[in-house]
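Spelled out from the first residue to the last, the chains are:
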Amino acid sequence: MSASQTSNTAPLPGSAPAGQPQTIQPLYVLAWFLCALFYFYQYAIRSAPGIMQDELTQAWGNSHLG
Amino acid sequence: MIASYYIVYALAALAVGVLLDRYGAHATMPVGIAITSVGCLIFAQGSLAAGIGGYVIQSLGAICAFVGSSYVAARYLPARTLALFVGLTQCLGMAGAAFGSKPTRILIDPNGSFHIPWQTVWLGFGVIGVCLAVATWFVMPRDTGDSTAHHGHLSLGNLLKPFRIIFGNPQSWIAGIVGGLLFVPTTIGALGWGASMLSKGEHTTMAFAASDVSMVPIGWVIGCPLLGWISDKIGLRKPVLIGGAVVLLAASLCALYIPAGVMPRYSVALVMGIASGAAMIPFSSMKEVNPPEVKGTAAGVMNFLVFGTTGVMSPLVSALMVGGDTDSMALFHRAFMPLVVGIVIAIGLSFCLRETGWKAQKQG
């Protein structure tokens, strides 16, 4: 890793970071966590049609999402 | 039908990777989350057409989730913690798949205390998604990606350049195929066919089979961050990858050839899930064997190769299941053979993978 890629200053939202930091920075961890939460959320909603199949069949007749 | 879904998903993951590299996560992720929420709001309209349309739109937005999370981990978190955070990302996804539907069931249960109409649940999902999109927009570093410096102006040649770099590197292929081959024993084998193998082949009750198989995602939730953490701690990728794959092979052979009831209950399924955490290690290797300016595209290509492997193996196993005696283990031994051979190939290929842990980087 080259020296120009290191940055140990605290990040501010709105500032463009110079490169990949070498230490854990809370704001960046939060940014990652929101994306990971999105991954959790999309799995939860993608399994939702399956568990409401009875209700969906009632509303749509016999067709349902495969 | 399922195979075509995998192909579309895999191709879309490639596109998301390029978008992340060119325009950065601040421009990409909130849009992806917002698209998914809009899909939920459309679903909430209640008609069949709205349901299908909403579901497709949700899936499109959802493609950003894993590729984006691993991009953010690779771009903004220290290189020494990459495998841990990639593992934690997958851990959250698996937790969403395993437990995310439980609250929904409680809310809409006609005999439950909430008894909320299903349309309202989708409205709620949409609102949660919009909040998540806004929060991500505020928190995500305002960084336009590495586009201007490395990717040149928008042209077909420049769009294809990252793919030429990644696909031209044999190490990318090794990482992708190893990851894919280590994924399928649990996704296709255990989660797809495991319950029917236990109930029909081993003649256990369906309830026993279902609860045994449900140990596999719990194993994933433990194994993904655990193996990533070990790899980051010791600074090496290959020993953790190969060790996990060997344990996965042993657990798969136990599941296939040792009768149910001999080993302690849940142990084989749980160990199989934990060892599958090794499948996440090549996701870090993929980023590390390629130049930093294509890390988003590399994450997309990794998804593409893993889903491609699933897309090839899934119909193969299904085809081998046809025409045999479903009440004997012999059929399952035959149909799962490609998965077992796959693990052996993955172990062999892993030895050809370049060691990219920080310990090797330091010496190199």
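Refer to the structure presented above.
Every value quoted in this text rests on a predicted model; they were computed, and no experiment measured them.

## What to know about the interface of chain B and chain A
Here is step 1 of the chain: At the interface, 64 residues of chain B touch 44 residues of chain A.
Here is step 2 of the chain: Both faces combined, the contact of chain B with chain A buries some 4600 Å², and carbon together with sulfur accounts for 75% of it.
Here is step 3 of the chain: By the criterion of area lost to chain A, the three top residues of chain B are B:L92, B:W118 and B:V139, representing 13% of everything that side buries.
Here is step 4 of the chain: The tally of links between chain B and chain A comes to one salt bridge.
Here is step 5 of the chain: Between B:R105 and A:E55 there is a salt bridge, with its nearest N and O atoms 3.5 Å apart.
Here is step 6 of the chain: The interface formed by chain B and chain A includes seven residue pairs in polar contact (both at pLDDT 80 or more).
Here is step 7 of the chain: Every element with two or more residues in the side of chain B that touches chain A is listed here: α1 (2-43), α2 (48-76), α3 (82-99), α4 (101-108) and α5 (118-139) of chain B.

## Considerations on α2(B)
Residues and elements named next belong to chain B.
Here is step 1 of the chain: Over its 29 residues, α2 extends 42 Å from the first C-alpha to the last, a length consistent with the 42 Å expected when each residue adds 1.5 Å.
Here is step 2 of the chain: At V67, α2 shows its largest kink, close to 30°.
Here is step 3 of the chain: Counting buried positions along α2 yields 21 of 29 residues, so the element is predominantly enclosed.

## Section: the nonpolar core
Here is step 1 of the chain: B:V72, B:W122 and B:L182 are the most contacted members of the largest nonpolar core, which totals 110 residues.
Here is step 2 of the chain: Looking at which element gives the most residues to this core, the answer is α1(B), with 12 residues.
Here is step 3 of the chain: Look past the residues within four positions of B:V72 in its chain and what remains in contact with it is A:Y28, A:A31, A:W32, A:C35, B:A25, B:L77 and B:M140.

## Topic: the packing of helix α9 (residues 206-213) of chain B against helix α10 (residues 215-234) of chain B
Residue and element names in this part refer to chain B.
Here is step 1 of the chain: Orientation of α9 relative to α10, taken along the N-to-C sense of each, is 10°, at an axis distance of 4 Å. Between α9 and α10, the angle is such that the two are roughly parallel. Contact with α9, carried on its side by S211, D212 and V213, involves M215, V216 and P217 of α10 and no other residues of that element.
Here is step 2 of the chain: Counted by class, the contact of α9 with α10 contains four nonpolar, one polar and one charged residues.

## So, the packing of aromatic side chains
Residues and elements named next belong to chain B.
Here is step 1 of the chain: By the definition in use, this model includes 19 aromatic pairs over all chains.
Here is step 2 of the chain: Relative to F138, the ring of W137 has its centre 5.3 Å away and its plane inclined at 80°; by these criteria the two rings are edge-to-face.
Here is step 3 of the chain: For F138, a relative accessible area of 48% puts it in the partly exposed group.
Here is step 4 of the chain: Taken together, a centroid distance of 6.2 Å and an interplanar angle of 65° make the contact between F183 and F283 edge-to-face. Taken together, the positions of F183 in helix α8 (residues 170-201) and F283 in helix α13 (residues 281-288) put the pair 100 residues apart, joining distant regions of the chain.

How each quantity is defined
Residues numbered from 1 in each chain as written. Chains lettered and ligands numbered in written order. Predicted model: local features only at pLDDT ≥ 70, side-chain atom pairs only at ≥ 80, totals over all residues. Heavy atoms only, no water. Contact = heavy atoms within 4.5 Å. Buried area = accessible area lost by both parts, 1.4 Å probe. Salt bridge = Lys/Arg side-chain N within 4 Å of Asp/Glu carboxyl O. Polar contact = N/O pair within 3.5 Å; in protein donor to acceptor, adjacent residues only side chain to side chain. Helix = DSSP H or I, 4+ residues; strand = E, 2+ residues; numbered from the N terminus. Expected span 1.5 Å × (residues − 1). Bend = angle between axes of the 7 residues up to and from the residue. Buried < 20%, exposed > 50% of the residue type's maximum accessible area, 1.4 Å probe, protein only. Core = buried A, V, L, I, M, F, W, Y, C linked by side-chain atoms within 4.5 Å. Axes fitted to C-alpha atoms, helices over the stretch in contact; angles between N-to-C directions. Parallel < 35°, antiparallel > 145°, perpendicular 65-115°, else oblique. Nonpolar A, V, L, I, M, F, W, Y, C, P; charged D, E, K, R; others polar. Phe/Tyr/Trp six-rings, centres within 6.5 Å; stacked < 30°, edge-to-face > 60°.

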